[in-house]
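Residue-level structure breakdown
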Amino acid sequence: MFDRVYNFSSGPAVMPEAVLKRAADEMMNYGGSGMSVMEMSHRSKVYDNIIKEAEKLLRELMNVPDDYEVLFLQGGASLQFDMIPMNLAVGSGKVDIVMTGMWTKRAYAELKKLASPRVVASSEDKTYTYIPELTAEMFDPEADYVHICYNNTIYGTRYTDVPPCSRPLVADMSSCILSEPVDVSRFGLIFAGAQKNLGPAGLTIVIVRKDLLGRQPETLPAMLDYNVHAKNASLYNTPPTYAIYMCKLVLEWLRDLGGVEQIAAVNRRKADMIYGFLDGSNIFHATVSGKDRSIMNVPFVTGDPELDARFVAEAEEKGFKNLKGHRSVGGMRASIYNAMPEEGVEKLVQFMEDFEKKL
Ligand SMILES: Cc1ncc(COP(=O)(O)O)c(C=O)c1O
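Residues numbered from 1 in each chain as written. Predicted model: local features only at pLDDT ≥ 70, side-chain atom pairs only at ≥ 80, totals over all residues.

This paragraph deals with the overall build of the protein chain. Scanning the protein chain for helices and strands turns up 9 helices and 14 strands. In terms of overall size, the protein chain behaves like a compact globule, its C-alpha atoms giving a radius of gyration of 21 Å where 359 residues would be expected to give roughly 21 Å. For the protein chain, the residues scored as buried account for 45% of the 359 residues in total. Of the contacts formed within the protein chain by residues at least 6 apart in sequence, a portion of 66% connects residues at least 24 apart. (Helix = DSSP H or I, 4+ residues; strand = E, 2+ residues; numbered from the N terminus. Rg over C-alpha atoms; globule rule 2.2 N^0.38 Å. Buried ≥ 20, exposed ≤ 12 C-beta atoms within 10 Å, placed from the backbone. Contact = placed C-beta atoms within 7 Å.)

On to the domain arrangement of the protein chain. Each assigned domain of the protein chain is listed with its residue range as follows: domain 1 (19–257) and domain 2 (260–358). If you average the C-alpha positions of domain 1 and of domain 2, the two centres end up 27 Å apart. Listed as interface residues are 24 residues of domain 1 and, on the opposing side, 23 residues of domain 2. Those elements that provide at least two residues to the side of domain 1 that touches domain 2 are strand S6 (151–152), strand S7 (157–158) and helix H6 (241–257). The residue makeup of the side of domain 1 that touches domain 2, split by class, is 11 nonpolar, 10 polar and 3 charged. (Domains from an automatic or database assignment. Nonpolar A, V, L, I, M, F, W, Y, C, P; charged D, E, K, R; others polar.)

Helix length check: helix H8 (residues 305–317), at 13 residues, gives a terminal C-alpha distance of 19 Å against a target of 18 Å (1.5 Å per residue), a fit within 8%. Residues Asp308, Phe311 and Ala315 constitute the buried set of H8. Viewed end-on, H8 has its buried residues packed into an arc of 65°, placing them on one side of the element. Turned more than 90 degrees from where H8 packs its buried face, Glu306, Ala313 and Glu317 sit exposed. Summarising the contacts, the buried residues of H8 are in contact with strand S12 (297–301), strand S13 (320–321), strand S14 (332–335) and helix H9 (342–358). Directly beyond the C-terminal end of H8, a positive phi value near 95° is found at Gly319. (Expected span 1.5 Å × (residues − 1). Arc of directions from axis to C-beta.)

This part is about the nonpolar core. Grouped together as the largest cluster of nonpolar side chains are 98 residues, with contacts concentrated most on Leu189, Ala192, Ile205, Val206, Ile244, Cys247 and Ile336. Looking at this core, the element that brings in the most residues is H6, giving 9 residues. Residues from two domains meet in this core; each of domain 1 (19–257) and domain 2 (260–358) gives at least three. Other than its neighbours up to four places away in sequence, Ile336 contacts Lys270, Ala271, Ile274, Met296, Val298 and Val345. (Core = buried A, V, L, I, M, F, W, Y, C linked by C-beta atoms within 7 Å.)

Looking now at the pairing of strand S3 (residues 94–99). On any regular strand, side chains alternate: one points to one face of the sheet, the next to the other face. Extensive coverage of S3 is indicated by the burial of 5 of its 6 residues. Here S3 runs beside strand S4 (residues 116–122); their pairing, made up of 6 bridges, is parallel. The partner of Val95 across the bridge, within S4, is Pro117. The parallel pair S3 and S4, bridged by helix H4 (residues 102–114), forms a crossover whose chirality is right-handed. Note that S3 and strand S5 (residues 145–149) share 3 bridges and pair parallel. Bridge assignment links Val95 to a residue of S5, and that residue is Tyr145. (Pairing = 2+ DSSP bridges. Right-handed = clockwise from strand over helix to strand, strands pointing away.)

The next thing to look at is the packing of helix H7 (residues 260–280) against H9. Two numbers describe how H7 lies on H9: the axes approach to 10 Å, and their chain directions differ by 5°. If you check the angle between H7 and H9, you find them roughly parallel. From H7, Val266, Arg269, Lys270, Met273, Ile274 and Phe277 reach across to H9, where they touch Glu342, Val345, Glu346, Val349, Met352 and Glu353. In the contact of H7 with H9, the residues fall into 7 nonpolar, no polar and 5 charged. (Axes fitted to C-alpha atoms, helices over the stretch in contact; angles between N-to-C directions. Parallel < 35°, antiparallel > 145°, perpendicular 65-115°, else oblique.)

Quick look at the environment of Arg167 now. By the secondary structure assignment, Arg167 is in the loop between S7 and strand S8 (169–172). Taking the C-alpha atoms as reference points, Arg167 and Phe187, 20 residues apart in sequence, are found 9.3 Å from one another.

The next subject is the packing of helix H2 (residues 45–62) against H6. One way to put it is that H2 packs onto H6 with a least axis distance of 9 Å and a crossing angle of 45°. Put simply, H2 runs oblique to H6. Between H2 and H6 lies a crossing of left-handed hand. Residue-level contacts link Tyr47, Ile50, Ile51, Glu53, Ala54, Leu57, Leu58 and Leu61 of H2 to Thr241, Ile244, Tyr245, Cys247, Lys248, Leu251, Glu252, Leu254 and Arg255 of H6. Of the residues belonging to the contact of H2 with H6, the class tally is 12 nonpolar, 1 polar and 4 charged. (Left-handed = near helix turned anticlockwise from the far one by under 90°.)

As a further point, take the site of the ligand. Residues in contact with the ligand, as listed here, are Gly11, Gly76, Ala77, Ser78, Trp103, Cys149, Thr153, Asp172, Ser174, Ser175 and Gly193. Tallying contributions element by element places helix H3 (residues 76–88) first for the shell around the ligand, with 3 residues. Tallied by class, residues from the shell around the ligand come to 3 nonpolar, 7 polar and 1 charged. (Near = placed C-beta within 6 Å.)

Glancing now at the pairing of S8. Going residue by residue along S8, you find Leu169 and Ala171 tucked away on one face and Val170 and Asp172 tucked away on the opposite face as well. Where S8 meets strand S9 (residues 189–193), 3 bridges bridge the pair, whose relative direction is parallel. Directly across from Ala171, in S9, lies its bridge partner Ile190.

Quick look at the sheet that holds S8 now. Working definition: the strands of a sheet are paired by backbone hydrogen bonds and lie parallel or antiparallel to each other. Spatially, S2-S10-S9-S8-S5-S3-S4 is the arrangement adopted by the 7 strands of the open sheet, whose pairing is mixed. Two strands close off the open sheet at either side, each with one partner strand: strand S2 (68–73) and S4. In this sheet, adjacent strand axes meet at a mean angle of 20° when their direction is disregarded. Alignment of S9 against strand S10 (residues 204–209), held across 5 bridges, turns out to be antiparallel.

Now the structure itself:
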């Protein structure tokens, strides 16, 4: 049996080992409190320090300007597909969306129920293997906002530039938050489920410009209202206390590594290593080429489903777990989030080389 495997899952995903060890050390008695963080009142002083510290660290690491709220919510990124229109599609009701895969399709399906969405561009013609070229003229100047998915977890593409639109930009950063620097001030709202780069599932982060709040209809239920959460510093009701604590540990780990610039350099090396191998391989091929390649999710195929299955099975046996591609794409996918050590990617590439040689 393995002690620890290399986990290439797309999410919930690998966590930094140092964070898991620290959580284990603090499990029974957090900071001399005599109890686990799980057992604490969210209104206690000890817990208040944890949530405040988590927010402070996220603000520092992402350089979040003061005119933005940082919210710790529940319901996953998927609930944001509803909360965002409920809170922001309150002017013309028009929303522009760029279709780059399943997560924008999901967002669009919800938008149709709550607002008047328009697809500005789509990469469906080539199975979402690229990010469409976008120009300022393509966007509706009357749209309440523009929805994009910054990193497409399933198809393995990512934006390398912030789209040039004058309307508030809403970005799903579930699978790329903190992977490389982004200029938060260019976005109206950023959201992310925590279970890839931030911590365990159950926590969702929303970073929203304050001037976009305050126009919600009075009929909006409290739990769906960003303002309610903002006014109560994410403590309107019981937040996902343990997930927030784990997120704080992940953020401390990242700060101690040197922050986002540092991890971005590591991420680039990891991505270069695996794409470099794929580009030179005679049996494996990356499904995305060029600048839109994700540095977090790397889909690849052999072109032969039987060989794919054999590769995945042999990899599992050797401790390289969760390499099977998403059911809608097939093939393989290596998710190499912040917490995946460089050594894990090196060993995977070595294993792929050996697999190829043996054929
Ligand atoms: C980019 C992206 N958006 C949204 C989601 C949905 O997240 P959740 O399961 O937290 O609702 C995922 C999940 O993998 C994702 O990768």
